[in-house]
Amino acid sequence: MAELEIETMEDNEGQMEGRAAGPMADRATGPAAGLAAGPMAGYEYSTLMHLLGVSVSKHLLDEHFTLVWANEYYYKLIGWPKDEYEARFHNRPDLYYENDQAEWNELSQTVLNASAAHQTGYQMVSRLRRKNGEYIWVQFSTRFSDEYIDGYQVAYSVLTNIDDLVQMQRERSVTYENLPGFVAKYRIDRDLGMVLLDANARFMEYFGDRTNGELHALQEQNIKDNMETIRSHGKELLSGKPVRFVMHVRDRKGQGLWLQVNAACIDWQEKNPVYLAIFIDITDVTELREIQKKLTEQAAAHK
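All values reported here derive from a predicted model rather than from experimental measurement.

**Student:** Account for the overall build of the chain, naming residues and giving values.
**Tutor:** Scanning the chain from N- to C-terminus turns up eleven helices and twelve strands. For the chain, the share of sequence-separated contacts (at least 6 apart) that also reach a separation of at least 24 residues comes to 47%. When the accessible surface of the chain is summed, it comes to about 17,700 Å², and 51% of that surface belongs to carbon and sulfur atoms.

Below, the structure is given as C-alpha cells:
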C-alpha cells in the first residue's frame, strides 16, 4: 500500500493529533473520534488520557503495523519525540523493531494468530527498546475495530509500562531461590485446608512437579500426616499470625524428613490468609537427638 502521509490537527486542548491524509482525511482518526459528538468530546478524551497516563495508538493491520495515530504518552513511553519518530521510522513499527527481530516476530505472530482465530484482539507482554537503548517491559492490550483504511483493518492498542512489576517478580524469584531450605506459598482455607500457590525450585525437586499431579498427592498425604500439629496452630493460622512448628514429611523418593516450619501471613484471598512458609531441613539434628535420647534411656536401664 502507499505510505500514509501524516498531517496534524490541533484539538481544543492544544495537543497535536496525527491524522491520515488522502481519501480518509475527512474522517477523525484518533480515539476521540469514537466519543459522542459535541464541544466536550475532545475535552473529555484529553482529561481521560491525562488521568490514565497510558499510551494509546491506532494502527493498520498491514505488514508494517503502520501507525496512524498516537497520543502523547506513546511517544513518552518510547522516548522518541513525535517528529523524530516520524522522520526516522516513517510511522512503521517494523522499522522501529529493526534491531529487535525476536520481539518483532513475537508481536507479529501474536497479531496474526489473533486475527486468524477471529478474536477481537489480543494481550501480550514483551520488551520494548526506548530511544536511550534501554529496554522496558510493556503490556500490549489491543482491540481490532470494524474500521478499515485503504482496505486494511484498524486496531487500537494500549501500552502499559509494567517494568516495575516485572522487576519485582524477578526479585521475588531470586529471593525464593536463594532462601535456605524449601519455600512455598499457601492459602489457608477456613477448614485449615492448605492450597499450594507457589514454590521454589528446590521444593519442586524434593516433592514433585505440579504439572503431573505427583506434588498434589504427596502434599495431601504430608498435610494429612501432620494435621494434628497444624490444627494445634489453627487459631493463629486463621487470624494471620506468624507460626513456627516442626513436621515430619516424606519426599518423592519416600525418604523421611524433619522440617522446621517458619510461616508468616503476606496476603489475604477472599478473607483467607496467604502464608509464605520456609521449611528448614533439621533431619540430622532431630535424628541425632533421637539417638542420644535412646542411648540415655538404655544407659539408665542398665544402672
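**Student:** Hey, could you go over the pattern of salt bridges for me, with residue numbers and the actual values?
**Tutor:** Counted according to the given criterion, the structure contains eight salt bridges. Residue Arg92 pairs with Asp94 through a salt bridge whose shortest N-O separation is 2.8 Å. By relative accessible area, which is 14% here, Asp94 ends up buried. Among the ionic pairs, Asp189 bridges to Arg187, the shortest N-O distance being 2.8 Å.

**Student:** Please set out the sheet that holds strand β8 (residues 182–188) residue by residue, giving values where relevant.
**Tutor:** In space, the five strands of this open sheet follow the order β9-β8-β12-β11-β10, with antiparallel pairing throughout. Strand pairing shows two members of the sheet lacking a second neighbour, β9 (194–199) and β10 (243–250), which therefore form its edges. The mean inter-strand angle of the sheet, taken between neighbouring strand axes irrespective of direction, is 35 degrees. In the sheet, β10 pairs with strand β11 (residues 256–269) via eight bridges, with the strands oriented antiparallel. Across the sheet, the residue bridging to Val249 is Leu257, located in β11.

**Student:** Talk me through the side chain of Ser55; I want residue IDs and the actual numbers.
**Tutor:** Considering the arrangement of structural elements, one finds Ser55 in strand β3 (residues 55–60). Its relative accessible area of 1% is what places Ser55 among the buried residues. If we skip the residues at most four places from it in the chain, Ser55 touches Asn71, Tyr73, Tyr74, Leu77, Ser157, Val158 and Leu159.

**Student:** Mind laying out the sheet that holds strand β7 (residues 152–161), listing which residues take part and the relevant values?
**Tutor:** Each strand in a sheet pairs with another by means of backbone hydrogen bonds, the pair being arranged parallel or else antiparallel. On the basis of which strands lie adjacent, the open sheet formed by five strands has the order β4-β3-β7-β6-β5 and antiparallel pairing. Among the strands making up the open sheet, the edge pair consists of β4 (67–70) and β5 (121–129). For this sheet, the mean inter-axis angle between neighbouring strands, taken without regard to orientation, is 30 degrees. In terms of strand pairing, strand β6 (residues 135–149) meets β7 through nine bridges, oriented antiparallel. Pairing of Tyr148 across the sheet is with Gln153, part of β7.

**Student:** How would you sum up unusual backbone geometry? Please name residues and give values.
**Tutor:** Phi is positive for Asn91, which is not a glycine, with a value near 60 degrees. Here Asn91 is to be found in the loop between α3 (82–89) and α4 (93–96). Relative accessible area serves as the criterion here: at 6%, Asn91 is assigned to the buried category. Even without glycine at this site, Glu270 takes up a positive phi of about 50 degrees. Among the structural elements, Glu270 can be located in the loop between β11 and β12 (272–281).

How each quantity is defined
- Residues numbered from 1 in each chain as written.
- Predicted model: local features only at pLDDT ≥ 70, side-chain atom pairs only at ≥ 80, totals over all residues.
- Heavy atoms only, no water.
- Helix = DSSP H or I, 4+ residues; strand = E, 2+ residues; numbered from the N terminus.
- Contact = heavy atoms within 4.5 Å.
- Areas by Shrake-Rupley, 256 points an atom, 1.4 Å probe, with all protein chains shown as cover.
- Salt bridge = Lys/Arg side-chain N within 4 Å of Asp/Glu carboxyl O.
- Buried < 20%, exposed > 50% of the residue type's maximum accessible area, 1.4 Å probe, protein only.
- Pairing = 2+ DSSP bridges.
- Axes fitted to C-alpha atoms, helices over the stretch in contact; angles between N-to-C directions.

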